[in-house]
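Geometric and topological summary
Chain by chain, the residues run as shown.
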Amino acid sequence: MFCIAIEEMICVVMKSHDFTFDGKIYRQRSGGSIGLDLTGVLSNIYMCEWDKEVMRKMTEIRLKILLYMRYKDDVNVILDC
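The structure presented is a predicted model; accordingly, all values stated were derived computationally and were not measured. (Residues numbered from 1 in each chain as written. Predicted model: local features only at pLDDT ≥ 70, side-chain atom pairs only at ≥ 80, totals over all residues. Heavy atoms only, no water.)

Before going further, it helps to examine the state of the cysteines. Each disulfide consists of a covalent bond between the sulfur atoms of two cysteine residues. Within this structure, the stated rule accounts for 0 disulfides. The structure places no disulfide on Cys3, whose sulfur is separated from the nearest cysteine sulfur, that of Cys11, by 13 Å. Overall, the relative accessible area of 62% leaves Cys3 in the exposed class. Residue Cys11 is classed as partly exposed on the basis of its relative accessible area, which comes to 32%. (Disulfide = S-S within 2.5 Å. Buried < 20%, exposed > 50% of the residue type's maximum accessible area, 1.4 Å probe, protein only.)

What follows is the structure in structure tokens.
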């Protein structure tokens, strides 16, 4: 039940972001807003799975990873080919 409640709260927040531009109020149509803490947390959760998949594929094709760093959705990789 707790997970279902969290999921519903996330959906409500993502559908309820209002912002102003040129004196008018708009509702963001999709996605999370830049600067919203929740957006950063959700991107980190999603990207953790991405990290695992990238590392698995690099290992599978025998690339030696010297450095793998990520901040949100920005990834830096140094390989020894």
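Moving on from the model shown.
Let's shift gears to the pairing of strand S3 (residues 64–71). Across 7 bridges, the pairing between S3 and strand S4 (residues 74–80) is antiparallel. Bridging across to S4, Tyr68 finds its partner in Val77. In this antiparallel pair of consecutive strands, S3 and S4, the connection spans 2 residues, and Lys72 shows a positive phi of 55°. (Pairing = 2+ DSSP bridges. Helix = DSSP H or I, 4+ residues; strand = E, 2+ residues; numbered from the N terminus.)

Right, let's get into unusual backbone geometry. The backbone of Asp22 sits at a positive phi, close to 55°, despite the residue not being glycine. Inspection of the secondary structure assignment puts Asp22 in the loop between strand S1 (18–21) and strand S2 (24–27). Of the residues examined, Asp22 reaches a relative accessible area of 69% and is grouped as exposed. Positive phi, normally seen in glycine, also occurs at Arg62, with a value near 60°. Arg62 sits in the exposed class, given a relative accessible area of 75%.

A word on the confidence of the model for the protein chain. For the protein chain, per-residue confidence averages 87 on the pLDDT scale, and residues scoring 70 or more make up 100% of the total. The secondary-structure element of the protein chain with the lowest mean pLDDT is S1, recorded at 86, while S3 shows the highest, at 91. (pLDDT = per-residue confidence, 0-100.)

Turning next to the pattern of salt bridges. Across all of its chains, the model carries 6 salt bridges by this definition. Residues Lys57 and Glu53 are paired through a salt bridge, measuring 3.8 Å at the closest nitrogen-oxygen approach. Taken together, the positions of Lys57 and Glu53, both in helix H2 (residues 37–60) and 4 residues apart, correspond to about one turn of that helix. With relative accessibility at 45%, the residue Lys57 sits in the partly exposed group. We note a salt bridge from Glu60 to Arg56, for which the minimum N-O separation is 2.7 Å. (Salt bridge = Lys/Arg side-chain N within 4 Å of Asp/Glu carboxyl O.)

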